[in-house]
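This is what each chain is made of:
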Amino acid sequence: MRAYLLRRLWQSAVTLVGVSILVFVILRVVPGDPAKMLLPEGAPPSAVEELNRHLGLREPLWVQYEIFLRSVVRGDFGQSFQYRAPALRVVIERVPATIALAVAAMALTVVVGVSLGVLTAVRQGTPWDYGGTVLAVLGQSLPNFWLGIMLVLLFGVTLRWLPTSGFGGWASLVLPSVTLAAFPTALVARLTRASLLEILGQEYIRTGRAKGLGERRVVLRHALRNATIPLLTVLGLQIGTLLGGAVITESIFAWPGMGKLVVDAIFFRDFPVVQTILILSATIFVVINLLVDLLYTVLDPRIRYG
Amino acid sequence: MSRLRLTRRHFLVGGAAFGVAARPRPGRAQSRAPAAGGQLIAGLSERMLTLDPANHYSISSTSVLRHVYDPLLDVTNDDRFVPALAESWKALNNTTWRFTLRKGVRFHDGTPFTADSVLFTLKRVRDNTKLIKSFVYQDIDDVRKDDDFTVTVTTKRPFGSLPAHLTMLGMLPPAAGAHEEAFFTKPVGTGPFRFLSWTHGDHVELEANARYWRPSIPKVDKLTVRFIPELSTRAAALRAGEIHVIDRVWPDMVATLKATAGIKVLDTPAVEAQRWHFQLAREAGKDPRVRKAVSLAIDRNTIIKELLLGYARPVVSPIPPGLIGHTTLGQKPYDPDRARAILKQAGFQNLTLDFVLMKDLYPKQLEIAQAVAAMLGDVGIKVNIRNLEIATAREQRTAGNYDLFYSGWAHMPHDPDWYFGQWFTRAGAEKMTRFNDPRVEQLIAEGRVPDPKVRQQKYEEIQKILWEDEPEIWPYYSVAIYAISDRLRNFEARRDYYVLLHEVGIA
């Protein structure tokens, strides 16, 4: 186990260095000049040149990478071109909103998705099942920009129950997290239903029922626990997506999260911000993947890493 | 700052448990039903990037920072330059300006505004070439303090648009120089509002400066500016009564907003002309007959009426009305038959134009480009619309890989010198349109003098040449559209797209 952990950590480090090189090179290879994006259209070429020099973009690529790597080791991700402030600070300022939204959406996904999955599985073939399946299909197929705007119009503009946009207070969290959770909730519901149905047909479940266990105990204790393995894989990947991929939801709700920040940074060729976010999210992905793999061993004692 | 930390901690802790307490968000609690006279909330289309007035040309940042810092001069919505921190100014000769400063003005921290502030601000923006506005001030030779309230500025060459540019430069206290980074996290200016806090990407909070040098201004105690880039969200927040004013309304949103009780839509001709420029070194753009044919084939009135729903004005000269140099040269005709004849005569049978767009930058631009493609198709010109991400489009322009480029020019300082200098001098246009006409270049140089009569005359001459030569297509003057709560008093829809709320109150 210890050797396995060390090997995984080493692999993670290699992955992250690889990501940093890839991000660094791709950003500088795509067309687009950061100084031109910062200066207004009427800036003379000499000003563009001067600014690019100030931004350190006139050094050879490998020199730029070396400087970058040295700084990153010191915890310095460079100055954001756009915000004229340390890139790490710019990114960290978006962390609270990003985490609040991701956690809320994740909680909704787990609670609603799993409940819906269990309900549709145990009531297979009943109106409950059909209703739940329709909801799941809707959740997966409604584009979230449409869903978001509809929710804003209904609950924000017409009923005025909830704020239309912005970040502040629990009320502002409701509409964006519902919008963001719609897809993964549906995914989780369908996945739970499918794997639960498969497990409920197995012999040890019949044995459990035969020895007189209550249905609730059979489903929740014996079946659901085994159904969580594929679920965990999907949820692990979803956390990463929720943290970094909420761009559309963030746009609709003017949410100051990292998704929109990175997209804007890419459009404006704000290299330090893009690098910081991508390296941070790669780190998060790697760590979550590792944790998920370790959690398997807790949930299913048959899984062992050597 | 403590407010900011509280919010953040509160979210990290509370958010993680999904049981975030129902603490009202700053600027939001009251926003459900704003208190009379109390708090004004604006929703702007772009996020603010910096608190340094010399380090951006962003319209949103200006809309916020004009409330915190005052410039030396101000410009009214009818393009008059009026005193702000300078009581008067005068060109002593073509390269010397004298500014007489207002007495008794204090920064928010109590220090007096004097000539030292002007010296510091102007020298900083000229000498620190990292600053975004620095390139504009490179022509400044010296800034001299004659006494505490008189400053003389000398320039390396005539700089007639200096007063106009100074409307865009907030004055800083000299003490800012000692610890710039710290200063710009909690800046002080002389403006009608004091800076309170900035939640990045979300909102800025300002409070009234009770000692503002203009009497009975501001009209509200607190000003919150929220950043809501998505128009439908911005409009929803206004319709829900959460905010009082939004900018950058698109024509097709007007009907919805007008139909909502309690909301007014205001529009005004902007200081912006749309201008689609030709690549003048490429086969098509090089030939004046092709440019003429393209111009004749475009039905500008249909674009204005059908696609922009009337929210645009026909162009009668490259410089929009109100600005120095504007003149009337008549509207460009729509005559597809003549366009066809010219092309035939010139021997252009299978002409194809690359029309490059900067993605999502201008209202309805893709629809308009498609309409133009159809109009040009009608006279036998095939159009390739290339809708590119902004940075890529600009790169393509530098490389010269386009025939026609979709763009607009907002004369932000309410002065056309910048536009001419950029697009119609050899140095400026070299990596853009490849425009090169020594006559025009000479006139631009002559038009840089301070004398408005000379400038008007030179600019009229330049425009006559351009109007004939058509290095650009000027399809329409833009219109700025805003929507406000009908409880706002004194709101002025600005031509320069700024949201300025100095004199705005709430009923």
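Residues numbered from 1 in each chain as written. Chains lettered and ligands numbered in written order. Predicted model: local features only at pLDDT ≥ 70, side-chain atom pairs only at ≥ 80, totals over all residues.

Visitor: I keep staring at the overall build of chain B and nothing clicks. Help me out?
Guide: Assigned secondary structure in chain B consists of 17 helices and 22 strands. Its C-alpha atoms give chain B a radius of gyration of 24 Å, near enough to 23 Å, the size a compact globule of 507 residues would have. Over its C-alpha atoms, taken along the principal directions, chain B stretches across nearly 70 × 60 × 40 Å. When the 507 residues of chain B are sorted by exposure, 50% land in the buried category. Sequence-distant contacts in chain B: of pairs separated by 6 or more residues, those separated by 24 or more amount to 69%. (Helix = DSSP H or I, 4+ residues; strand = E, 2+ residues; numbered from the N terminus. Rg over C-alpha atoms; globule rule 2.2 N^0.38 Å. Buried ≥ 20, exposed ≤ 12 C-beta atoms within 10 Å, placed from the backbone. Contact = placed C-beta atoms within 7 Å.)

Visitor: Looking at this structure, I do not really get the overall build of chain A. What am I missing?
Guide: When helices and strands are counted, chain A shows 14 helices and 0 strands. Reading the helices (α) and strands (β) of chain A from amino to carboxyl end gives α-α-α-α-α-α-α-α-α-α-α-α-α-α. Across chain A, the fraction of contacts at a sequence separation of at least 24, relative to all contacts at a separation of at least 6, is 71%.

Visitor: Explain the sheet that holds strand β16 (residues 381–388) of chain B to me, please; I cannot follow it from the model alone.
Guide: Neighbouring strands of a sheet are bound in pairs by backbone hydrogen bonds; such pairs are parallel or else antiparallel. Residues and elements named next belong to chain B. With mixed pairing, 5 strands are arranged side by side in an open sheet as β16-β15-β17-β13-β19. The open sheet has two edge strands, β16 and β19 (472–473), and neither has a second partner. When strand β13 (residues 276–278) meets β19, the two strands line up antiparallel, connected through 2 bridges. Across the sheet, H277 pairs through a bridge with E472, a residue of β19. (Pairing = 2+ DSSP bridges.)

Visitor: What is the right way to read the interface of chain B and chain A from this model?
Guide: Interface size is commonly expressed as the accessible surface area that is lost when the partners come together. Between chain B and chain A, the residue contacts involve 50 residues of the former and 51 residues of the latter. Elements with a contribution of two residues or more to the side of chain B that touches chain A: α1 (2–16), β10 (222–227), α6 (231–239), α13 (390–399), α14 (417–423) and α15 (426–429) of chain B. At 6 residues, α1 of chain B tops the list of elements feeding residues into the side of chain B that touches chain A. Here the side of chain B that touches chain A is composed, by residue class, of 22 nonpolar, 13 polar and 15 charged. (Nonpolar A, V, L, I, M, F, W, Y, C, P; charged D, E, K, R; others polar.)

Visitor: Could you clarify how one ought to interpret the sheet that holds strand β4 (residues 86–93) of chain B in this entry?
Guide: Residues and elements named next belong to chain B. Taken in spatial order, the 4 strands line up as β4-β5-β7-β6 in an open sheet, and their pairing is antiparallel. On the outer flanks of this sheet lie β4 and β6 (140–147), each paired with one strand and no other. Sheet twist, expressed as the mean angle between neighbouring strand axes with direction ignored, is 20 degrees. Summarising the sheet, β6 and strand β7 (residues 150–155) pair through 6 bridges and their orientation is antiparallel. Considered in β7, the bridge of V143 is made with V153. Helix α3 (residues 115–127) rests against β5 (96–101), β6 and β7 of the sheet, and its axis sits at about 170 degrees to β6. (Axes fitted to C-alpha atoms, helices over the stretch in contact; angles between N-to-C directions.)

Visitor: So what exactly am I meant to see when it comes to helix α14 (residues 271–299) of chain A here?
Guide: Residues spaced three or four apart along an α-helix face the same direction, because each turn holds 3.6 residues. Relative to the 42 Å expected for 29 residues at 1.5 Å per residue, α14 of chain A spans 41 Å between its end C-alpha atoms, a close match to the ideal helical length. Of all the positions in α14 of chain A, only F271, P272, V273, V274, Q275, T276, I277, L278, S281, A282 and F285 of chain A are classed as buried. (Expected span 1.5 Å × (residues − 1).)

Visitor: It is not clear to me how the packing of helix α9 (residues 288–297) of chain B against helix α11 (residues 336–346) of chain B should be interpreted in this structure. Could you clarify?
Guide: When two helices pack together, their arrangement is given by the angle between the helix axes and by the axis-to-axis distance. Residues and elements named next belong to chain B. Remark: α9 packs on α11, axes separated minimally by 8 Å, with the N-to-C direction vectors making an angle of 160 degrees. Classified by the interaxial angle, the pair formed by α9 and α11 is roughly antiparallel. Of the two possible hands of crossing, α9 and α11 adopt the one that is left-handed. Contacts between α9 and α11 pair R289, V290, K292, A293, L296 and A297 from the former with P336, R338, A339, I342, L343 and A346 from the latter. Tallied by class, residues from the contact of α9 with α11 come to 9 nonpolar, no polar and 3 charged. (Parallel < 35°, antiparallel > 145°, perpendicular 65-115°, else oblique. Left-handed = near helix turned anticlockwise from the far one by under 90°.)

Visitor: Hey, could you run me through the packing of helix α1 (residues 2–29) of chain A against α14 of chain A in this one?
Guide: All names here are of chain A. Packing of α1 against α14 brings their axes to within 10 Å, and their N-to-C directions diverge by 155 degrees. Classified by the angle their axes make, α1 and α14 are roughly antiparallel. Judged by the twist between their axes, the crossing of α1 over α14 is right-handed. Here α1 contributes R8, S12, T15, L16, V19, S20, V23, F24 and L27 to the contact with α14, which in turn contributes F271, V274, Q275, L278, I279, A282, T283, V286 and L290. Of the residues in the contact of α1 with α14, the class split is 12 nonpolar, 5 polar and 1 charged.

Visitor: Would you mind showing me how to read the confidence of the model for chain B here?
Guide: Note that predicted coordinates carrying low pLDDT should not be read in detail. Residue and element names in this part refer to chain B. Model confidence for chain B is summarised by a mean pLDDT of 91, while 93% of its residues fall at 70 or above. Contacts from residues 1–36, a stretch scored under 50 in pLDDT, to residues over four places away or in other chains number 62 contacts. We note a pTM of 0.88 for the whole complex and an ipTM of 0.84 for its interfaces. (pLDDT = per-residue confidence, 0-100.)

Visitor: Would you explain unusual backbone geometry in this entry?
Guide: A negative phi holds for most residues other than glycine; trans holds for most peptide bonds. Of note, the amide linkage connecting I217 of chain B to P218 of chain B takes the cis form, showing an omega dihedral of 0 degrees. Here P218 of chain B shows up in the loop between β9 (203–208) and β10. Phi angles above zero are rare outside glycine, and R160 of chain A is one such case at about 55 degrees. Following the sequence through the fold, R160 of chain A ends up in the loop between α8 (144–158) and α9 (171–200). Taking the C-beta count within 10 Å as the criterion, R160 of chain A has 14 such neighbours and is therefore assigned partly exposed. Positioned with a positive phi, R248 of chain B is a non-glycine residue whose angle comes to about 50 degrees. Following the sequence through the fold, R248 of chain B ends up in the loop between β11 (245–246) and α7 (254–258). Judged by local crowding, R248 of chain B falls into the buried class, with 21 C-beta atoms found within 10 Å.

Visitor: Even after reading the chapter, I still don't get the environment of G447 of chain B, so can you show me in this structure?
Guide: Residues and elements named next belong to chain B. Its place among the elements puts G447 in the loop between α16 (438–446) and α17 (452–469). Judged by local crowding, G447 falls into the buried class, with 26 C-beta atoms found within 10 Å. Separated by 122 residues in sequence, G447 and G325 have C-alpha atoms that sit 9.7 Å apart.

Visitor: In this structure, what is going on with the pairing of β4 of chain B? I would like to understand it.
Guide: Within a regular beta strand, the side chains point alternately toward one face of the sheet and then the other, so they alternate between its two faces. All names here are of chain B. When β4 meets β5, the two strands line up antiparallel, connected through 6 bridges. Its bridge partner being in β5, A91 is matched across the sheet by W97. Hairpin connection of β4 to β5: 2 residues between the antiparallel strands.

Visitor: Looking at this structure, I do not really get helix α10 (residues 203–210) of chain A. What am I missing?
Guide: Taken across its 8 residues, α10 of chain A has 0 buried, putting it largely on the surface. Within two residues after α10 of chain A, G212 of chain A carries a phi angle of roughly 95 degrees, on the positive side.

Visitor: Honestly, the environment of L135 of chain A in this entry has me stumped. Any pointers?
Guide: Considering the arrangement of structural elements, one finds L135 of chain A in helix α7 (residues 127–141). For L135 of chain A and L116 of chain A, which are 19 residues apart along the polypeptide, the C-alpha to C-alpha distance reads 9.2 Å.

Visitor: Sorry, what's going on with the environment of V356 of chain B here?
Guide: Residue position: V356 of chain B is located in strand β15 (residues 351–358). If sequence neighbours within four positions are ignored, V356 of chain B has contacts with R386, L388, A393, Q396, R397, Y402, F405 and Y406 of chain B.

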